[in-house]
Amino acid sequence: MEIINEFISDLSKDFSGDLKFDSASKILYSTDASIYQMEPLGVVLPRSQDDLIAAVSVAAKYKLPILARGSGTSLAGQAIGRAVIVDCSRYLDNIPAQIDVEGKTAVVEPGVILGNLNKLAARHGLMFGPDPASAERATIGGVIGNNATGAHSILYGMTADHLLSADVILSDGSLATWGLVGAASVTINPAQKRILDSIYDIRKDYSEDIKKSWPKTWRNSAGYRLNYLLPWSASQPDQWRGTSYPPGQDSPSEFNLAALLAGSEGTLAVIRSATLKLVSKPKHTILAVISYNSIVEACESVPELLRLNPSAVELIPQMLIRLARGVPAYSSMLGFVEGDPAALLAVEFSGDNPDQLRAMAKSVATNAVTAESQLEQARIWAVRKVGLGIFDSVPSASRPIAFIEDCAIPVDRLGEFVREIEYILEKYATTAAIYAHASAGCLHIRPVLDLKSMSGVQNLREISYEVLKLTLRLGGAMSSEHGDGLVRAEWLRETYGDRVLAAMKQIKQAADPNNLLNPEKMLDAPGMDTNLRYGVSYKSEAWTPKLDFWRAGGLSTAIEHCNGQGVCRKHDGVMCPSFQATRDEKNSTRGRANLLRSMITTSGASLNEQRIKEAMDLCLACKGCKAECPSSVDMARLKYEYQSHYYESHRRPSRDYLFAYIGILAKLGSPVGGLVNKVMETNIARRLGKLLFGITDQRRLPKFGNIKIVKNRLQIKNKAGFQNNKIEPEKCVLLRDTFTHYFEPETEESTRAVLSACGIDCVDLSVFGAGRTLLSKGFIDAAKRHANLLLDEINHLDPLGVLPIIGIEPSEIYMLRDDFLDLLPGRRAEIEKLAARA
């Protein structure tokens, strides 16, 4: 700990970023999207390039290991470790030189989100070729570190094929540029010379070993990209549009040193900025979706489909389709699915001639469903891309586990591979999701295992080893875009043999002689069944909740449900607004879930109590996660429960009472609303609001509306023509809410006017709202009483249960339809019937 304090003291002298070495920050960065958990030494968030250089240099001075990290969406565990984590995602997200449109290049910092780069490039008809499904939150640093690719890899290959050069920080803190060796841009300093000498030795001594041992599939990210240093590849992408593969193979005397960074997982150098090659964005695309009776049948048809020159062929299994139908954000996107097929192949064609593409799409199969519009295609891609998370949406101790999800097989043997995989799964009495990039022979396979059990952990290792043997026998690779990390690095010796592994160790030794860059990855990783987040020794004990978490499998399961995919870290959409505003991990849905999980699993949770409270306070309870999180994490519900639990032993702030019981206060103040409005405008009232309730004096509170004037205005409108309907009016129950009734009465009365014009009379409830304000502040007992009162009054006014319930405020209706099920489980059947007509 003394050396850590010295490091912090030394670094903080000229550091403008954030230094976080508290227990809560360590918990936040102890997981990624993998099955592992490792607590870091601390977290550093550089605000500038100078900060980044200082962090690496000072760490080198004290011989402290460091781990450069982006959004932490790694599936293999490469973004966690016993090191000082350098988070580049919060501040280092500039595109300094913008985009060279003519040269089709972009210079970017490592924290730039790939999706944001593509939005900027799209203005010029360009894009970055590799398109991982996580592009909306994955950083360029992580994309390079994983050698990421995606659905269109048969056109564009891997990230290594588009990385022209990179400015890096070496393990001793010195600066260098990695690019085409021999070009003026490549820096030569003592550390760089040591690396280049090592590479020249490898080219001289290990070339034949590399060619002999390398997988037959070009889609390979296992270990270091030694073949790019020759340069050489056993095969190339089916629709590769370059002159040679890998790029530069037509000039064997040259090689691109930057390609070595791709897939290195930050173990060779820390990226300061990267120069990327861009490609022209296709002018037109069209999708043809084909149904199959089995996954094997679908995979066996891929070689024939590739002869039609598609730009992508994606496998979508029955399991994903069925699960997507249960996620609100995706169920409406499944119009392209006819019936309940065992598997689908989405075959994309791209080019400049839409008529030609249309003809190609219609020629693939007689039962193909074509999607021509951008909206139709976007829906298909959205359902496919959400797959990694949606398989994990079912609450259960047994969950789909990512450990053999990155295998790539030569396409002509893909059907054989799937048959053998199904046999292995049957042998271990489990099932799995099988989907993804069929065109490149890459299938994401997630067996369902319970890693909290001894048998589950044992099966994890045994299945992995059997799949390794199968993959190597068929000429494939275990890592093809998600990396080695902790889960696959153990198999590098089996993959390449001792000679090639020795060459990889030689490069690591030359680049990082003190093993400071992301240690315990790649060549010195521990066993793949160690450091598990949920292992045999894992225990959790949540408090007794006041809400009923029956739909989530209990409170502990609800808290543990986040799988770390990090969709909540994207910069647009609904989820998660507080993260979008702050870019702080603790304010993401994932961050809050991690903090809550630490609370129910560690004895030192009290150390993080204030940090947990801060994180939960900033949750807006907007339910964006309920809609957009692939695993359907409902952080709003967890927030309500946490607040109720926290304030059982802590004093509540007065502002909670003000907002929770605003209905009572509004009712009391409404008769003198005009006077109250004038008083609230005074400086004294604002200062009192800040003093008593913690409400900033810059915030203007809502004003009472004049209910009488609004009602008179409505009567005039009705006399002008709203009462011409001669038929017997229908009736509805109007769920009035406090805010619109007292502060925006014109909205409520306009609602009545619209309903009246439709021939519908309103039956008013004397109980205002569904209790949203009470629940939002964690007053669960009060919310239950309110819910019971409301249900009782509805039953009294509508004993037959036939009238529709019309609400004005969406959150009140949503509470009636959804939250009531957790508030009043004893009245579940009644609530479900009510929800159907609300």
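Everything numeric in this text was worked out from a predicted model, so none of it was measured.

Points about the confidence of the model for the protein
(1) Moving on: Of the residues in the protein, 95% reach a pLDDT of 70 or more, and the chain-wide mean stands at 91.
(2) Moving on: Here residues 719-725 is a poorly scored stretch, pLDDT under 50, and it has seven contacts once near neighbours within four places are set aside; other chains count.

Remarks on the pattern of salt bridges
(1) Moving on: For the structure on display, the rule yields 60 salt bridges.
(2) Moving on: Ionic pairing is found between Glu416 and Arg473, a salt bridge with its closest N-O pair at 3.8 Å. Taken together, the residues Glu416 in helix α16 (residues 414-427) and Arg473 in helix α17 (residues 454-473) connect sequence positions 57 residues apart.
(3) Moving on: Residue Glu748 is joined to Arg752 by a salt bridge in which the shortest nitrogen-to-oxygen separation is 2.9 Å. Pair noted here: Glu748 and Arg752 are both in helix α31 (residues 745-757), with a separation of four residues, about one helical turn. Arg752 carries the same exposure label as Glu748, and that label is buried.

Considering the sheet that holds strand β2 (residues 42-45)
(1) Moving on: Within the open sheet, the four strands sit side by side as β1-β2-β4-β3. Their pairing is mixed. At either end of the open sheet lies a strand with only one pairing partner, and these are β1 (18-20) and β3 (66-69). Within the sheet, the average angular offset between the axes of one strand and its neighbour, ignoring direction, is 20°.
(2) Moving on: Of the pairings in the sheet, the one linking β1 to β2 comprises three bridges and is antiparallel in character. Residue pairing across strands places Asp18 opposite Leu45, the latter belonging to β2.

Digging into helix α7 (residues 190-205)
(1) Moving on: In a regular helix each residue adds 1.5 Å, so 16 residues correspond to 22 Å; α7 covers 22 Å between its end C-alpha atoms and thus fits that length.
(2) Moving on: Where the residues of α7 are buried, they touch β9 (175-178), α8 (207-213) and α18 (492-511).

What to know about the environment of Gly173
(1) Moving on: Counting through the fold element by element, Gly173 comes out in the loop between β8 (163-169) and β9.
(2) Moving on: Along the primary structure Gly173 and Val56 are separated by 117 residues, whereas in three dimensions their C-alpha atoms are 5.6 Å apart.
(3) Moving on: For Gly173, the contacting residues outside a window of four places in its chain are Val56, Ser57 and Ala60.

Section: the sheet that holds strand β21 (residues 760-764)
(1) Moving on: The strand order β21-β20-β22 describes an open sheet built from three strands, whose pairing is parallel. Edge positions in the sheet fall to β21 and β22 (805-807), since each has one partner strand and no second. If you compare each strand with its neighbour and ignore which way they point, the axes differ by 45° on average.
(2) Moving on: The pairing of strand β20 (residues 730-735) with β21 spans five bridges and is parallel. What sits directly across from Leu734, in β21, is Asp764.

A look at the packing of helix α21 (residues 589-601) against helix α24 (residues 635-646)
(1) Moving on: Two numbers describe how α21 lies on α24: the axes approach to 11 Å, and their chain directions differ by 40°. Classified by the interaxial angle, the pair formed by α21 and α24 is oblique. Along this stretch, α21 crosses α24, giving a crossing that reads as left-handed. Between α21 and α24, the residues in contact are Thr589, Arg592, Ala593, Leu596 and Met599 and Met635, Leu638, Tyr642 and His645, respectively.
(2) Moving on: A class-by-class count of the residues in the contact of α21 with α24 yields six nonpolar, two polar and one charged.

Observations concerning the pairing of strand β19 (residues 442-449)
(1) Moving on: Burial within β19 is extensive, with seven of its eight residues counted as buried.
(2) Moving on: As defined by bridge partners, strand β17 (residues 407-408) adjoins β19 across two bridges and the pair is classed as antiparallel. Within β19, the residue paired with Ala408 across the bridge is Cys442.
(3) Moving on: Connecting strand β18 (residues 432-437) to the antiparallel partner β19 that follows it, the hairpin turn spans four residues, and Gly441 within it adopts a positive phi of roughly 70°.

A closer look at unusual backbone geometry
(1) Moving on: For the bond from Leu230 to Pro231, the omega torsion is -20°, close enough to zero to count as cis.
(2) Moving on: Along the chain, the position of Pro231 falls in the loop between α8 and β10 (270-277).
(3) Moving on: Even without glycine at this site, Lys104 takes up a positive phi of about 55°.
(4) Moving on: By the element assignment, Lys104 lies in the loop between β5 (99-100) and β6 (105-108).
(5) Moving on: Of the residues examined, Lys104 reaches a relative accessible area of 32% and is grouped as partly exposed.
(6) Moving on: A positive phi angle, close to 60°, is found at Ser632, a residue other than glycine.

Cut-offs and rules
Residues numbered from 1 in each chain as written. Predicted model: local features only at pLDDT ≥ 70, side-chain atom pairs only at ≥ 80, totals over all residues. Heavy atoms only, no water. pLDDT = per-residue confidence, 0-100. Contact = heavy atoms within 4.5 Å. Salt bridge = Lys/Arg side-chain N within 4 Å of Asp/Glu carboxyl O. Helix = DSSP H or I, 4+ residues; strand = E, 2+ residues; numbered from the N terminus. Buried < 20%, exposed > 50% of the residue type's maximum accessible area, 1.4 Å probe, protein only. Pairing = 2+ DSSP bridges. Axes fitted to C-alpha atoms, helices over the stretch in contact; angles between N-to-C directions. Expected span 1.5 Å × (residues − 1). Parallel < 35°, antiparallel > 145°, perpendicular 65-115°, else oblique. Left-handed = near helix turned anticlockwise from the far one by under 90°. Nonpolar A, V, L, I, M, F, W, Y, C, P; charged D, E, K, R; others polar.

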